[in-house]
Amino acid sequence: MKIDERALLQERVRTLVLRHALEAVLARLATATQEAGTDTETEFLDLEQSLVSAARSIAERASTQRLAVLVAVEDASTTIRAAFDAAHERLDALRPVHLTLVETPDAVAA
């Protein structure tokens, strides 16, 4: 394996580990915010925007190796968004299904 290929593989493994770690943290955050009675969706959106904004501000400050930094930031942003998407899907799966009763036309009046 070439040095460049190994470095790329290591970076991808780090990204995968970061994603799984972030998903685990988000799952715990979702549980904690639900137990506290706060709006989990709002908490997630605020946190996601803060993380993506921080990643982009790092890219704007970099003057050398700008392309490499931009690619890394884009990878990080994609990882962050994927983790939040997975957390949102888990939240949606946990929400109770609201059933409505529909009166049939043949219902007998009591």
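Worth saying up front: this structure is predicted, and the values here are computed from it rather than measured. (Residues numbered from 1 in each chain as written. Predicted model: local features only at pLDDT ≥ 70, side-chain atom pairs only at ≥ 80, totals over all residues. Heavy atoms only, no water.)

**Comments concerning the overall build of the protein chain**
Item 1. Per the secondary structure count, the protein chain includes three helices and zero strands.
Item 2. Across the protein chain, helices and strands are ordered from the amino to the carboxyl terminus as α-α-α.
Item 3. The buried share of the protein chain, reckoned over its 110 residues, is 22%.
Item 4. Approximately 8,600 Å² of the protein chain is accessible, and the part contributed by carbon and sulfur atoms is 59%. (Helix = DSSP H or I, 4+ residues; strand = E, 2+ residues; numbered from the N terminus. Buried < 20%, exposed > 50% of the residue type's maximum accessible area, 1.4 Å probe, protein only. Areas by Shrake-Rupley, 256 points an atom, 1.4 Å probe, with all protein chains shown as cover.)

**Some remarks on the packing of aromatic side chains**
Item 1. In the structure shown here, the tally under the stated rule is one aromatic pair.
Item 2. A ring pair is formed by Phe 44 and Phe 84, whose centres lie 5.7 Å apart and whose planes are at 85°; its orientation type is edge-to-face. A residue pair is termed long-range when its members are at least 10 positions apart, and Phe 44 in helix 2 (residues 40–61) and Phe 84 in helix 3 (residues 66–94) qualify at 40 residues. For the pair Phe 44 and Phe 84, one class covers both residues: buried. (Phe/Tyr/Trp six-rings, centres within 6.5 Å; stacked < 30°, edge-to-face > 60°.)

**Section: the confidence of the model for the protein chain**
Item 1. Mean pLDDT over the protein chain works out to 76, with 81% of the residues at or above the 70 mark.
Item 2. When pLDDT is averaged over each element of the protein chain, helix 1 (residues 3–36) comes out on top at 82 and helix 2 at the bottom at 80. (pLDDT = per-residue confidence, 0-100.)

**A closer look at the pattern of salt bridges**
Item 1. Applying the stated criterion across every chain yields a total of five salt bridges.
Item 2. Arg 19 is the salt-bridge partner of Glu 23, the closest N and O atoms lying 2.9 Å from each other. Linking Glu 23 with Arg 19, this pair stays in helix 1, spanning four residues, or about one helical turn.
Item 3. A relative accessible area of 11% means that Glu 23 is categorised as buried.
Item 4. Judged by relative accessible area, Arg 19 falls into the partly exposed class, the value being 33%. (Salt bridge = Lys/Arg side-chain N within 4 Å of Asp/Glu carboxyl O.)

**As for the nonpolar core**
When a protein is soluble and globular, its nonpolar side chains tend to lie buried together.
Item 1. With 10 residues, the main nonpolar core is built from Leu 22, Leu 26, Ala 30, Phe 44, Val 52, Ile 80, Ala 83, Phe 84, Ala 87 and Leu 91.
Item 2. Elements that contribute at least two residues to this core include exactly helix 1, helix 2 and helix 3.
Item 3. Among the elements that take part in this core, helix 3 stands out by supplying five residues, more than any other.
Item 4. Apart from residues lying up to four places away in sequence, Val 52 is in contact with Ser 77, Ile 80 and Arg 81. (Core = buried A, V, L, I, M, F, W, Y, C linked by side-chain atoms within 4.5 Å. Contact = heavy atoms within 4.5 Å.)

**Let's talk about helix 3**
Item 1. End to end, helix 3 covers 42 Å across 29 residues, agreeing with the expected 42 Å (1.5 Å per residue, within 8%).
Item 2. Looking at helix 3, one finds that the buried residues are Val 73, Ser 77, Thr 79, Ile 80, Ala 82, Ala 83, Phe 84, Ala 86, Ala 87, His 88 and Leu 91. (Expected span 1.5 Å × (residues − 1).)

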